[in-house]
Amino acid sequence: MHVGVTKETAAGEHRVALVPETIGRLGEGVDVTVEAGAGEAAAYPDEAYREAGATIGDPWSADVVAKVAGPSAGEVKRLRSGQVLIAFLQPLTDVEGVERLATAGVNAFALESIPRITRAQPMDALSSQATVAGYKSALIAADRLPRFLPMLMTAAGTIPPAKVLVLGAGVAGLQAIATARRLGAVVSAFDVRDAVREQVESLGATFLDLGVRGEETEGGYARELTPEQQAAQQAELQARIPQFDAVITTAAIPGRPAPKLITAEATRAMRPGSVIVDLAAETGGNCELTQPGREVVDGGVTIVGITNLPSTMATHASQLLSRNVASLIGLLVRDGELALDWDDEIVAGACVTRRSGVAA
Ligand code: NAD
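Presented here is an overview of the structure given in this document. Quick caveat: nothing in here was measured; it's all calculated off a predicted structure.

As for the overall build of the protein chain
A count of helices and strands for the protein chain gives 11 helices and 19 strands. Scaling as 2.2 N^0.38, a compact globule of 360 residues should have a C-alpha radius of gyration of about 21 Å, and the protein chain matches this with 22 Å. If one aligns the C-alpha atoms of the protein chain with their principal axes, the spans along those axes are about 65 × 50 × 35 Å. Every one of the 360 residues in the protein chain was classed for burial, and the buried ones make up 50%. At a minimum sequence separation of 6, the contacts of the protein chain that also span at least 24 residues come to 64%. When the 31 positive and 43 negative side-chain charges of the protein chain are each reduced to one mean point, those points stand 4 Å apart.

Here you go:
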């Protein structure tokens with residue numbers, strides 16, 4: 001069995017799908033070829049891969065190709081029918097990319113599609129990367145604020161703690177809450193799934209009751225709010241947002257544009273110097289004024305729309321991702337041979353294209 005690790009080519013992508021530490025854990029009979037420089041941007045030099053037993057060379061002919069971002073059209077041409085590909089393939093939004101893989105007959109596994117069942121937790125790359133993004137979002141808020149986060153009692157007087165609001169308390173939101181709390185902020189949070197109230201409170205934050213309840217899907221995701229509910233949420237937020245120094249937004253609905261929570265008017269009601277960090281920028285943003293990939297200042301309010309935050313912490317983001325990818329590979333291999341068990345809920349669920357076409 002042969003695993004290939006590619007060097008990422010997407011702009012700004014610094015992560016790598018497998019790090020040296022994990023390579024030794026792939027098991028007997030699994031050979032690994034790593035493209036030269038694949039781990040460099042994440043601070044894993046070629047030498048570290050060699051020491052872990054990998055070969056530096058062409059990864060594209062391997063039985064299993066592990067990547068972070070979905071392959072470009074040019075990269076798909078390097079794949080062959082029957083080969084396994086593992087990456088973030090954006091199966092709900094990148095229709096063209098999935099079709100290309102189907103045409104090429106690639107057995108493609110999307111990290112986003114791994115069912116969120118207990119047995120699949122070690123493979124849950126969405127969670128591992130959301131943890132990184134949530135942590136970093138709190139650091140960005142702290143950095144951009146022209147204020148302290150903790151309360152300070154100094155000879156020059158007392159500084160009150162900053163007030164931070166986290167919207168969307170999934171994996172990223174909970175990590176943002178925990179990080180902002182560690183930095184000393186007073187944190188409030190809101191999510192349409194009432195089930196997270198207890199988790200928010202257990203982190204020492206206050207659950208902000210906006211009077212809006214959404215439904216939860218079987219997979220634990222939120223369902224999109226009705227236009228009426230969305231309007232009610234925007235109005236409630238507009239009234240409360242000026243109390244906060246920083247707002248971190250993480251609200252998402254899989255496969256849908258990010259719900260708009262903060263209108264332009266609400267943003268302009270915030271005090272100058274306030275900060276919004278919009279983790280949903282990649283899918284359009286939770287704030288109307290967010291410009292994906294950019295940081296803008298509007299009326300003295302800084303709105304951070306940086307995308308792909310996990311890539312800004314590429315060493316640990318890759319380490320966690322690598323463990324997720326290795327766990328998935330472990331499920332696809334038996335006795336050192338590729339063995340795709342389509343009766344396995346995780347294998348079937350994560351597969352988006354099969355040699356015969358697009359998977360169900
Ligand atoms: P996500 O990134 O899809 O969404 C982030 C959060 O935004 C969610 O909590 C969602 O409820 C919230 N949201 C959506 N619309 C909103 C709105 N209008 N206003 C406020 N908040 C809104 O979600 P996620 O972080 O990937 O996790 C979703 C769920 O999956 C969580 O319950 C999590 O605990 C669960 N989960 C389960 C497992 C497992 O069992 N293996 C693993 C990871 C996550």
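On we go.
Digging into the nonpolar core
Inside soluble globular proteins, nonpolar side chains tend to come together where they are buried. The biggest cluster of nonpolar side chains holds 53 residues, and the ones touching the most others in it are Val247 and Ile262. Those elements giving two or more residues to this core turn out to be helix 5 (125–144), strand 9 (163–167), helix 6 (171–182), strand 10 (186–190), strand 12 (246–249), helix 9 (264–268), strand 13 (275–278) and strand 15 (301–304). Not counting residues up to four positions away in its chain, the partners in contact with Ile262 are Leu167, Ile241, Val247, Thr249, Thr267, Ile276, Asn286, Cys287 and Glu288. In terms of nonpolar packing, the next biggest core, distinct from the first, is built from 42 residues, Val34, Tyr49, Val68 and Val347 among them.

Thoughts on the pairing of strand 9
Residues in a regular strand point their side chains to alternate faces of the sheet. When you tally the buried positions in strand 9, you get 4 out of 5 residues, the bulk of the element. Of the pairings in the sheet, the one linking strand 9 to strand 10 comprises 5 bridges and is parallel in character. By the bridge assignment for strand 10, Val166 is matched with Ala189. Handedness of the β-α-β unit built from strand 9, helix 6 and strand 10 comes out right-handed. Bridge count between strand 9 and strand 12: 4 bridges; the pairing is parallel. In the sheet register, Leu165 faces strand 12, and the bridge partner there is Val247.

Remarks on helix 5
Taking 1.5 Å per residue as the helical rise, helix 5 with its 20 residues ought to reach 28 Å, and the 28 Å between its terminal C-alpha atoms agrees with that figure. Between a side-chain oxygen at the N-terminus of helix 5 and the backbone nitrogen of Leu126 the separation is 3.3 Å; the capping residue is Asp124.

Observations concerning the side chain of Glu8
Here Glu8 lies in the loop between strand 1 (2–5) and helix 1 (20–23). In terms of polar contacts, Glu8 uses its side chain to reach the backbone amide nitrogen of Ala69, at 3.0 Å. With near-sequence residues (within four places) excluded, Glu8 lies in contact with Glu13, Arg15, Lys67, Val68 and Ala69.

Section: empty space enclosed by the protein
What the rule picks out here adds up to 1 cavity of 30 Å³ or more. One number sums up the size of the largest cavity: a volume of about 40 Å³. Lining the largest cavity we find Gly70, Pro71, Leu89, Asp94, Gly97, Val98, Arg100 and Leu101. When the residues that make up the lining of the largest cavity are grouped by side-chain class, the tally is 4 nonpolar, 2 polar and 2 charged.

Remarks on the pattern of salt bridges
With the rule as written, the count across this model stands at 23 salt bridges. The shortest N-O distance in the salt bridge between Arg100 and Glu96 comes to 3.8 Å. Note that Arg100 and Glu96 are positioned in helix 4 (residues 95–104) at a spacing of 4 residues, about one turn of the helix. Since its relative accessible area comes to 57%, Glu96 is described here as exposed.

Describing unusual backbone geometry
Even without being glycine, Ala43 reaches a positive phi, approximately 70°. Examined against the element boundaries, Ala43 turns out to sit in the loop between strand 2 (31–34) and helix 2 (46–51). On the basis of relative accessible area, Ala43 is assigned to the exposed category, the value being 53%. Non-glycine residue Asn308 carries a positive phi angle of around 50°. With respect to the helices and strands, Asn308 occurs in the loop between strand 15 and helix 10 (314–332).

Criteria and cut-off values
Residues numbered from 1 in each chain as written. Predicted model: local features only at pLDDT ≥ 70, side-chain atom pairs only at ≥ 80, totals over all residues. Heavy atoms only, no water. Helix = DSSP H or I, 4+ residues; strand = E, 2+ residues; numbered from the N terminus. Rg over C-alpha atoms; globule rule 2.2 N^0.38 Å. Buried < 20%, exposed > 50% of the residue type's maximum accessible area, 1.4 Å probe, protein only. Contact = heavy atoms within 4.5 Å. Lys, Arg positive; Asp, Glu negative; His and termini not counted. Charge placed at Lys NZ, Arg CZ, Asp CG, Glu CD. Core = buried A, V, L, I, M, F, W, Y, C linked by side-chain atoms within 4.5 Å. Pairing = 2+ DSSP bridges. Right-handed = clockwise from strand over helix to strand, strands pointing away. Expected span 1.5 Å × (residues − 1). Polar contact = N/O pair within 3.5 Å; in protein donor to acceptor, adjacent residues only side chain to side chain. 1 Å grid on protein atoms, 1.4 Å probe; cavity = no way out; pocket = protein on both sides within 12 Å on 5 of 7 lines; lining within 4 Å. Points joined across faces, edges and corners; volume = space filled by probe spheres on them. Nonpolar A, V, L, I, M, F, W, Y, C, P; charged D, E, K, R; others polar. Salt bridge = Lys/Arg side-chain N within 4 Å of Asp/Glu carboxyl O.

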